[in-house]
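# Chain and residue survey
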Amino acid sequence: MKHGRKIVKLQRKQDHRDALLMNLTCSLIEHRRIRTTLAKAKALRPYAEKLVTLGKRGTLHARRTALSSLRHKDMVKKLFEEIAVASKDRVGGYTRITKLGQRRSDSAPMAYIEWVDAYVPKAAAAPAPEAAAEPAPAEEAAPAKKKAPAKKKAAAKKTEAAAE
């Protein structure tokens with residue numbers, strides 16, 4: 001009987017499946033949204049959401065448990081410091097699966113899986129407004145280069161002059 005057996009096997013042995021889910025989770029943490037097959041996205045969802053729950057705990061034991069699953073220190077750090085903090089008010093359902101249609105080559109159903117609570121990294125958010133407000137001094141000192149007129153415009157002027 002198959003009572004309580006809900007693991008999606010993805011036609012792989014356990015070691016291969018664990019490595020696949022670990023790599024997909026690391027990619028999801030790093031890129032915030034990944035495009036994969038619908039079956040892999042559905043298999044990834046509980047795996048990733050359990051890691052976010054560990055990240056919300058924030059204890060040393062939770063960090064070590066996440067490290068044993070992910071095996072990448074920088075991904076665990078990003079999970080605990082950015083993703084779990086962004087999802088602190090949410091009780092569950094940290095990921096969203098959006099269906100995309102079929103892949104062209106083999107008609108496999110494709111989907112995006114992404115974090116529901118979009119977070120903005122601190123380093124990327126702070127310098128962007130400052131850089132736009134003040135121009136760099138190197139740009140002011142450099143002389144402006146003159147561009148040659150586009151060929152289409154020059155050709156259009158010649159045809160107008162010939163028509164008159």
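Since the structure is predicted, the reported quantities are computational estimates derived from the model, not experimental observations. (Residues numbered from 1 in each chain as written. Predicted model: local features only at pLDDT ≥ 70, side-chain atom pairs only at ≥ 80, totals over all residues. Heavy atoms only, no water.)

As a further point, take the pattern of salt bridges. Pairing between side chains of opposite charge can happen when the charged atoms of each approach one another. Across all of its chains, the model carries three salt bridges by this definition. One salt bridge connects Asp117 with Arg90, and the closest N-O pair in it is separated by 3.1 Å. Within this pair, whereas Asp117 is found in the loop between strand S3 (109-115) and helix H5 (122-125), its partner Arg90 is found in the loop between helix H4 (73-86) and strand S2 (95-102), the two being separated by 27 residues in sequence. Looking at Arg90, the relative accessible area reads 29%, which means it is partly exposed. (Salt bridge = Lys/Arg side-chain N within 4 Å of Asp/Glu carboxyl O. Helix = DSSP H or I, 4+ residues; strand = E, 2+ residues; numbered from the N terminus. Buried < 20%, exposed > 50% of the residue type's maximum accessible area, 1.4 Å probe, protein only.)

Turning our attention to the sheet that holds S3. Spatially, three strands are ordered S1-S3-S2 in an open sheet, and the strand pairing comes out antiparallel. Looking at which strands have only one partner, the edges of the open sheet turn out to be strand S1 (33-37) and S2. Strand-to-strand, the axes of this sheet are offset by a mean angle of 25°, without reference to chain direction. Inspection of the sheet shows S1 paired to S3 by five bridges, in the antiparallel sense. The residue of S3 that forms the bridge with Arg35 is Tyr112. (Pairing = 2+ DSSP bridges. Axes fitted to C-alpha atoms, helices over the stretch in contact; angles between N-to-C directions.)

Further remarks concern the pairing of S3. Taken across its seven residues, S3 has five buried, putting it largely inside the fold. Two elements, S2 and S3, share seven bridges in a ladder whose sense is antiparallel. Note that in S3 the partner of Gln102 across the bridge is Pro109.

Okay, helix H3 (residues 60-70) next. When H3 is considered as a whole, its buried residues turn out to be Ala62, Ala66 and Leu70. The arc that holds every buried residue of H3, seen down its axis, measures 60°, which confines them to one face. Every exposed residue of H3 that faces more than 90 degrees away from the buried side is listed here: Leu60, His61 and Arg64. Of the surrounding secondary structure, the elements contacted by the buried residues of H3 are helix H1 (14-31), helix H2 (38-57) and H4. Two residues or fewer after H3 comes Arg71, characterised by a positive phi angle close to 65°. (Arc of directions from axis to C-beta. Contact = heavy atoms within 4.5 Å.)

On to H2, then. Under the 1.5 Å per step criterion, the end-to-end length of H2 is 29 Å for 20 residues, consistent within 8% with the ideal 28 Å. The largest bend in H2 comes to about 30°, at Leu44, with the proline Pro46 one to four residues further on. Among all positions in H2, only Leu38, Ala41, Ala43, Leu44, Ala48, Glu49, Leu51, Val52, Leu54 and Gly55 are buried. The inward-facing, buried residues of H2 abut H1, S1, H3, H4, S2 and S3. (Expected span 1.5 Å × (residues − 1). Bend = angle between axes of the 7 residues up to and from the residue.)

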